[in-house]
Amino acid sequence: MTSLDRRNDISHKEAAAPGEVRRWRAFAVLAVAYFMTIVDLTITNVALPTIGSKLHFPESDLQWVVTAYGLTFGGFLLLGGRAADLAGRRRLFMAGLAIFTVASLACALATSDTFLIVMRGIQGLGAAIVLPAALSIVMNMFGEGAERNKALSAWSGIGATAATVGLLAGGVLVRYAGWQYIFYLNVPIGAVTLLLARRAVPESRLAGARRSYDALGAITVTGALVMLVYAISQAPTAGWTAVRTLALLAASAALLAAFLVIETRAEAPLLPLRLFRLTTLAGSNAVGFLLGASFFSFFFTGTLYMQQVLGYSALTTGLAWLATSLTALALAGPAQILVTRASAKLVMAAGMTLVGAGILWATQVPVHGHYWANLAGPLFVAGGAIFAFIPVSIGALAGITDHDAGVASGLLNTSQQIGGAIGVAVASTVAAACSRVLLSQGHGAAAALTGGFQQAFWVTGLTALAAVPVTFLLIRRAELARATAASLQHEDTVPARAA
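As a convention, each chain's residues are numbered from 1 in the sequence order in which they are written. The predicted nature of this model means local features are confined to residues of pLDDT at least 70 and side-chain atom pairs, given and counted, to a pLDDT of 80 or more, with totals for whole chains, interfaces and linings taken over all residues. Here the side-chain values reflect all heavy atoms present in the structure, with hydrogen atoms and water set aside.

As for the overall build of the protein chain
Comment: elements are numbered from the N terminus, with helices defined as DSSP H or I runs of at least four residues and strands as E runs of at least two. A tally of helices and strands in the protein chain yields 24 helices and 0 strands. Only protein chains enter the accessibility calculation, which uses a 1.4 Å probe. A residue is then buried if its area is under 20% of the maximum for its type, exposed if over 50%, and partly exposed in between. The buried share among the 499 residues of the protein chain stands at 59%. Whether two residues are in contact is decided by their heavy atoms: any pair within 4.5 Å suffices. A separation of at least 24 residues holds for 84% of the contacts in the protein chain among residues at least 6 apart in sequence. Surface accessibility in these figures is a Shrake-Rupley result with a 1.4 Å probe; residues are shielded only by whichever protein chains are displayed. Carbon and sulfur atoms form 65% of the exposed surface of the protein chain, whose accessible area is close to 18900 Å².

Details of helix H7 (residues 77-87)
Within H7, 11 of the 11 residues are buried, leaving the element largely enclosed by the surrounding structure. Of all the residues in H7, the buried ones are Leu77, Leu78, Leu79, Gly80, Gly81, Arg82, Ala83, Ala84, Asp85, Leu86 and Ala87. Remark: Gly88 follows H7 within two positions and exhibits a positive phi of approximately 120 degrees.

So, the packing of helix H4 (residues 23-42) against helix H10 (residues 146-176)
Here H4 crosses H10 at 35 degrees, and the two axes come no closer than 8 Å. Like other packed secondary-structure pairs, H4 and H10 cross with a definite hand, here right-handed. In this structure, H4 uses Arg23, Trp24, Phe27, Leu30, Ala31, Tyr34, Phe35, Ile38, Val39 and Thr42 to contact H10, whose residues at the interface are Glu147, Lys150, Ala151, Ala154, Trp155, Ile158, Gly159, Ala162, Ala163, Val165, Gly166 and Leu167. Within the contact of H4 with H10, the residues separate by chemical class into 16 nonpolar, 3 polar and 3 charged. A fitted line through C-alpha atoms represents every axis, and for helices the fit uses only the stretch in contact; the resulting angles, taken between N-to-C directions, go from 0 to 180 degrees. For a crossing to be left-handed, the near helix must be turned anticlockwise from the far one by less than a right angle; the clockwise case is right-handed. Throughout, the ten residues Ala, Val, Leu, Ile, Met, Phe, Trp, Tyr, Cys and Pro are labelled nonpolar, Asp, Glu, Lys and Arg are labelled charged, and all others, Gly among them, are labelled polar.

Focus: the packing of aromatic side chains
Ring pairs are drawn from Phe, Tyr and Trp, using the six-membered ring of Trp, whenever the two centres fall within 6.5 Å, and their geometry is named by plane angle: stacked under 30 degrees, edge-to-face over 60, tilted for the rest. For the structure shown, the criterion picks out 14 aromatic pairs. Note on Trp179 and Phe183: the rings are 6.3 Å apart at their centroids and 85 degrees apart in plane angle, and the pair reads as edge-to-face. A relative accessible area of 5% places Trp179 in the buried class. Taking the relative accessible area as the measure of exposure, Phe183 reaches 0% and is therefore buried. In this structure an aromatic cluster arises from ring pairing among Phe295, Phe296, Phe298, Phe299, Trp321, Phe389 and Phe457.

Looking at the pattern of salt bridges
Within this document, salt bridges are pairs made up of a side-chain nitrogen of Lys or Arg and a carboxyl oxygen of Asp or Glu, the two lying within 4 Å of each other. Within the structure shown, the criterion is met by 1 salt bridge. Between Arg120 and Asp40 there is a salt bridge; the shortest N-O distance is 2.7 Å. Of this pair, Arg120 sits in helix H9 (residues 113-141) while Asp40 sits in helix H4, and the two are 80 residues apart along the sequence.

Here's what the structure looks like:
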């Protein structure tokens with residue numbers, strides 16, 4: 001190894017030689033893996049009633065098919081990102097993809113509810129290794145400026161589209177093949193991607209860095225999140241003031257406090273708290289959390305409304321969600337142009353406004369609803385989330401050095417996935433509690449379910465709109481403009497710090 005190699009990240013040399021790296025070919029391989037992990041967040045939604053029936057799930061535990069994946073996914077993203085920086089990004093990417101693929105096969109073979117939930121958790125662990133490694137490779141292949149913005153815009157569009165494609169694919173597979181095939185689908189795709197990754201994706205790591213991992217930090221933060229989501233999901237049954245609920249919430253808070261203490265003292269912290277001095281990074285992650293909490297919860301609650309109240313099949317439900325996907329696809333190009341040439345901060349705020357407006361529109365859904373009269377409008381409007389996904393991705397990585405590329409990538413995805421896991425838990429809790437009250441008051445089953453879903457939509461929609469003031473308060477316009485500039489020659493660091 002030369003002295004130049006020891007002073008610089010290996011990936012800088014590779015990024016400087018596009019003839020050797022073939023960046024967009026590598027990007028395509030990474031994007032397939034990313035697409036697969038995001039599809040898995042939503043593909044199970046349309047299959048939940050079928051899975052619950054076949055594996056005899058208690059109604060209160062059905063959400064854990066979604067939540068178990070989201071929790072381990074979000075909980076270990078930071079550790080996955082740090083490990084990728086130190087041990088080798090391609091190496092970790094391939095290891096995580098192998099775990100994800102094997103766990104997918106195990107999910108397809110599940111014969112009990114407990115085994116499926118455990119395997120979904122392992123799937124999430126694999127995804128937590130894959131995603132930050134993949135995004136970190138993308139960051140290192142494309143230099144900050146117009147080129148990276150183009151790559152991140154495509155990356156964000158893939159994520160937003162994958163969420164709705166998952167719902168459609170889930171519907172088709174459940175209808176014509178069986179619920180197991182929503183997991184079998186990952187096996188051949190994962191195997192082929194593994195074969196291509198070794199040839200197409202460049203290896204990179206922090207040369208000369210000491211391989212020190214903050215495993216205790218990962219354990220404490222994941223434990224805190226698991227306890228928090230479990231407490232929220234069980235509170236309607238056990239009672240919000242019950243000893244068990246309060247104990248779980250207290251334990252979650254204690255573990256979170258322990259995590260923060262560990263991060264201030266660890267030699268190689270899982271999450272260097274100095275990153276939050278970058279105000280735009282902190283604000284973008286806050287918006288990302290609220291985006292995940294609202295967008296993924298809307299998928300979860302909306303799917304249950306379609307199937308349990310309107311009687312839609314899994315296939316019809318998937319087709320219904322195409323409206324959201326079509327909007328995201330149509331707006332992906334304009335969103336990229338507006339982010340680069342106009343105010344990315346305003347684009348982010350507009351995106352969260354569209355998400356909130358679409359979900360709040362859905363609060364008006366009736367018991368005997370019709371697609372075009374009651375659902376199409378909210379679904380089309382909510383597809384405007386693409387306006388938020390792109391600037392959130394850019395803002396959360398603005399000003400990040402190569403040394404912190406993996407951990408910043410992990411932090412961004414942690415914010416969104418943990419937001420989704422907590423959002424789904426809160427939405428399902430609100431819906432269940434309200435439905436139970438309406439049933440006790442003599443309302444019919446369909447009316448009670450609809451009332452519960454309407455209340456969940458209110459909470460979810462207001463969560464999305466809460467991101468608008470967060471955007472204006474925390475996002476520094478000059479910092480975001482610098483990150484989205486056409487070239488590094490137009491950077492203006494002084495206004496960024498003065499904003």
